Each structure stands twice: as structure tokens, then as C-alpha cells.
Amino acid sequence: KIFQAVVSCIGGDGTIYIVPKSFETALSKLMNEIQSTFKGLGLLIPYCWKKGEACVVRGSDTVWYRGKIVEVNGSTLQVQYIDRGYVESIPQCHLYPTTFYTGVPPFCIPCQLYKTLPIGNFWQQDAVDYLQELLKNEEVEIHVEELPDNPWDKLSISLYFGGISLSSFMAYQKYCVAEDYQDIEKLGLFEGDFSPSYMLQPLPVPGETFPVTVTHLVSPKEVYICLDPSKNLTKQSDTERTASHDSESLDKALKWCNKIVKSLPLLTNFQKELPCLAEYVDGLWYRAKLLSITQLVPVQILVQFVDYGTYLVAPTSRLRLIPYHLLKYPAQAVRVRLAGFKPTSDDKNVERIPYSPEWSLKALWAMVDCVEGKRLSASILTVSPEVTISLYGDDKNLVHLKLIEMGLAQLDE
């Protein structure tokens, strides 16, 4: 059984409490019923609480939850939120004994990692804190490995976040030992022992119009585009549906990578075109590839972010090994040439693009204004020797017409 779930909390003993996504609607309905039934304060008269007794508890957010007494200690009780898993010390005035809703099983499931032995035979506090920071309130993929003999005991699972096995990752961090040694390999850090590259983005058929965004401009004539199915209000093609799913899955995988990036080793192999993770100026890490070493002391590497087309010169401290599973998504950015126009000899602006001097910087900035933040669409004319497209603005007119009006380009028949 494989299903998606949200991690509600990590117990002090390392128990992973999960709420299956399929339970969320029923849990929300139950919570609404509880709020309608219980209002005001908890029980204010003396009451003899017993261990294991059912109750409702008023949380610090003033919302009522189902609870169970796990320990009685004077006026303060240890209470477990049975639909969330966590245990808190609660004053008696925030509790109410009830037999309501006891026929509804808890929505959260206690779990343990399958064939995974914590160092010292129990999860150390720093490991529990790390699990809590990594997983709490996050959506993960659960693989059920073994059912408990007692239905109230823990479910044995393999847990995957962003395509990474949690057992493998915690073993890599030296918090535990995974008995299934093959599982260690699933962490899959790519070190460049062989040379896979990122897959190319599948493109729509020539002649079909599809929504795009421009993510980077090399010159007014050469740009990087990303397919943008989210902006398409008509029915999507198979290519666009695939691109949309890949983009969403990649975003989730990258979000997880950013959470664990400090645990990934720094890059030590600098071969050209090597896939890696690189830190951008916004402090986040993205998929990239190495292009060249620009400086030896200190070492500076030119990289390109494959999902945007942008370039960056970065020190080695901002480059890390990339997990294998991030290589299965196609590079989101596609380099294309725009058809229908060319540089004009009438453009007398002195400031030119250094690597493309046939174009003025003014023409480049004019094209930036035409495409930045705009709802664009494209139609492929040719795919060989390079992808050539017609690019249309949100007014459905060709974007380069503005440059021609400004005398920065001319029509190219």
C-alpha cells in the first residue's frame, strides 16, 4: 500500500505520526462538529481523571480537539491529541470528559521506520529534533511494509520525501543504521562517475500555439522559454499536461532539497556539463550544470540554471552534489531563436551587447519590457538545427513589432 500523508508530529521516542491525505475531509468534518458541540471553557468543577480516559481538550489556538489522558499529575494532566499524535501538559480547566466521538477511530497513525535501528537502540534527542524540523506538517509518501500484530501498535513504513528515502537519509546523517543496505543507495547523490545530463523538455508539435514565459534573454533574438500550462484556459495537449506535472513534482522535490541542502556534500568534481545544485542570489538552491572554471584562486565556477537559462559565477561553497532523482525531470528552460526580425543598421546606439555586438543594449532592454511578466504564447516554426519560434504578446501581436516601431530592429523575410 502506497499513499500520501501529512506528518502531524514526531513523538519524543521518534514515533512518526501521520494523517493520510484521504482522511482530511472526514477529519475536517469531525473537527467542525466538535466546535459546534463544545463552546466556552473546560470543566471548572473538581473531577477525578483516570489514565486512558477520553476527553476534549482546548488547545492554545482556542480550538477543541479529541484527546486521551496519558498521565495524571495533580492539577496538570498529560494529554495526547489523538488525531495529531502530540502530547502536552494541560491544566484541568482546559479539558472536558466526554464519551462523544469515541466510536470514531483516531485519524493519525503512529509509525516506525522499517528495518531501521537508531544509534544506541533509541532515537537520540537531536535526531528527534531533526526529524521534527524536517517533517512536521509536510506531505510525504508512505510505503506500508509491515502491519503490527496489535492494531494499536506502530505501523512499519518506508517514508519518502521529495523522492528521498528517510531511512537512507537518517543513516547517511549517522542517526541510525538501515538494515536493508541496498536502501542506502536510494539516497543517490550524483558524483559524476558517469555522465548523464538533464533530459530535454518535450515540445509541442510545430504550428500549435502554446503558453510560455520567458525566463532569460541572451539577446533580443535568443531567449530561454518555459512551457506555461497553468496559463492555458483551453484544453491542454499531452505535452503541456506532462510539463505541468513535471514542474509541480520538481518544485516539491526542490523544496525538500532546500530543507536538507546543508547535509549534501560540496562539489569536488568540476567536469564540464556536470549536473549539480547551485545557490542563487535569493539564497535558494536550484538545478544547474557546470560550464567552466573562470578563476583558479579562489576557484570560481560558471554555472547555468537549467530550469531558467540564467548564468551565475559561484564559489565552490555554493555548489553541492545533486540527488539522482532530480535528474529525472527534464530541464524546464528551452533556448530558442525568435523569427521574423533582425538587427537594423539604423540603430546608432553606441552601447552594444559585448557577446552579440550586432544588437544594442537599448534593443535588449526594449525586448525585456516586451516579455517580462507578460502572458505570452509561442508557435514552433522549426526544431532543427535550433528551435525557432514566433513569440506573441498578451495582445496576440508578435512581440518584436515593438522593436521595429522603435527603430531597434527590422523585419526579416
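Keep in mind the model is a prediction, meaning the values are calculated, not measured.

Caption draft 1: Local environment of the overall build of the protein chain. If you tally the helices and strands in the protein chain, you get 6 helices and 29 strands. The C-alpha radius of gyration of the protein chain comes to 28 Å, more than 25% above the 22 Å expected for a compact globule of 413 residues. Summarising its shape, the C-alpha atoms of the protein chain cover approximately 95 × 50 × 35 Å along the three principal directions. Counting only residues that meet the buried cut, the protein chain has 47% of its 413 residues in that class. Put simply, of all contacts in the protein chain between residues at least 6 apart along the chain, 61% involve residues at least 24 apart. In the protein chain, which carries 39 positive and 48 negative side-chain charges, the distance between the mean positions of the two groups comes to 3 Å.

Caption draft 2: Summary view of the nonpolar core. Formed by 46 residues in total, the largest nonpolar core has its most connected members in Leu135, Leu159, Phe161, Leu166 and Met170. The next biggest cluster of nonpolar side chains, apart from the first, holds 30 residues, and it includes Val212, Ile225, Val334 and Phe341.

Caption draft 3: Focus on the packing of aromatic side chains. Scanning the entire structure with this criterion turns up 17 aromatic pairs. One aromatic cluster is present, formed by Phe38, Trp64, Tyr96, Phe100 and Tyr101 through successive ring pairs. When the ring centre of Phe341 is taken as origin, the NZ or CZ atom of Lys221, which lies over that ring, is 4.8 Å away. Seen from the ring of Trp256, Lys255 lies directly overhead, with NZ or CZ sitting 5.8 Å from the centre.

Caption draft 4: Highlighting the UniProt feature "domain: Tudor" (unreviewed entry) in the protein chain. As annotated in UniProt, the feature "domain: Tudor" (unreviewed entry) corresponds to residues 48-105 and 269-329 in the numbering used here. Secondary structure content for residues 269-329 is 0% helix and 51% strand, and the end C-alpha separation is 22 Å.

Caption draft 5: Fine view of the environment of Arg318. Topologically, Arg318 is positioned in the loop between β20 (311-315) and β21 (319-320). If near-sequence neighbours (up to four positions away) are discounted, Arg318 is found in contact with Leu277, Ala278, Glu279, Tyr280, Val281, Trp285 and Leu312. Side-chain polar atoms of Arg318 contact the backbone oxygen of Tyr280, separated by 3.5 Å.

Caption draft 6: View of the side chain of Ser168. Among the structural elements, Ser168 can be located in helix α3 (residues 166-172). A polar atom in the side chain of Ser168 sits 3.1 Å from the side chain of Ser165.

Caption draft 7: Layout of helix α1 (residues 24-37). When the terminal C-alpha atoms of α1 are compared, their 20 Å separation across 14 residues agrees well with the 20 Å that a helix rising 1.5 Å per residue should span. Turning to α1, its buried residues are Leu27, Leu30, Met31 and Ile34. Down the axis of α1, the buried set is contained in an arc of 100°. They therefore lie on one face. In α1, those exposed residues whose orientation departs by more than 90 degrees from the buried face are Thr25, Lys29 and Ser36. Those residues of α1 hidden inside the fold are in contact with β2 (16-20), β3 (54-58) and β4 (64-73).

Caption draft 8: Molecular detail of a nonpolar patch on the surface. The grouping of Leu117, Ile119 and Val177 at the surface amounts to a nonpolar patch, some 220 Å² of accessible area in total. Note that Val177 resides in strand β13 (residues 176-178). A residue is classified by how much of its surface remains accessible, and Val177, at 35% relative accessible area, is partly exposed.

Each value, and the rule that gives it
- Residues numbered from 1 in each chain as written.
- Predicted model: local features only at pLDDT ≥ 70, side-chain atom pairs only at ≥ 80, totals over all residues.
- Heavy atoms only, no water.
- Helix = DSSP H or I, 4+ residues; strand = E, 2+ residues; numbered from the N terminus.
- Rg over C-alpha atoms; globule rule 2.2 N^0.38 Å.
- Buried < 20%, exposed > 50% of the residue type's maximum accessible area, 1.4 Å probe, protein only.
- Contact = heavy atoms within 4.5 Å.
- Lys, Arg positive; Asp, Glu negative; His and termini not counted.
- Charge placed at Lys NZ, Arg CZ, Asp CG, Glu CD.
- Core = buried A, V, L, I, M, F, W, Y, C linked by side-chain atoms within 4.5 Å.
- Phe/Tyr/Trp six-rings, centres within 6.5 Å; stacked < 30°, edge-to-face > 60°.
- Lys NZ or Arg CZ within 6 Å of the ring centre and 35° of its normal.
- UniProt positions renumbered as here; feature names shortened; annotations may be inferred.
- Polar contact = N/O pair within 3.5 Å; in protein donor to acceptor, adjacent residues only side chain to side chain.
- Expected span 1.5 Å × (residues − 1).
- Arc of directions from axis to C-beta.
- Patch = residues over 30% accessible without salt bridge, like charges linked within 9 Å, V, L, I, M, F, W, Y side chains within 5 Å.
- Areas by Shrake-Rupley, 256 points an atom, 1.4 Å probe, with all protein chains shown as cover.
- Salt bridge = Lys/Arg side-chain N within 4 Å of Asp/Glu carboxyl O.

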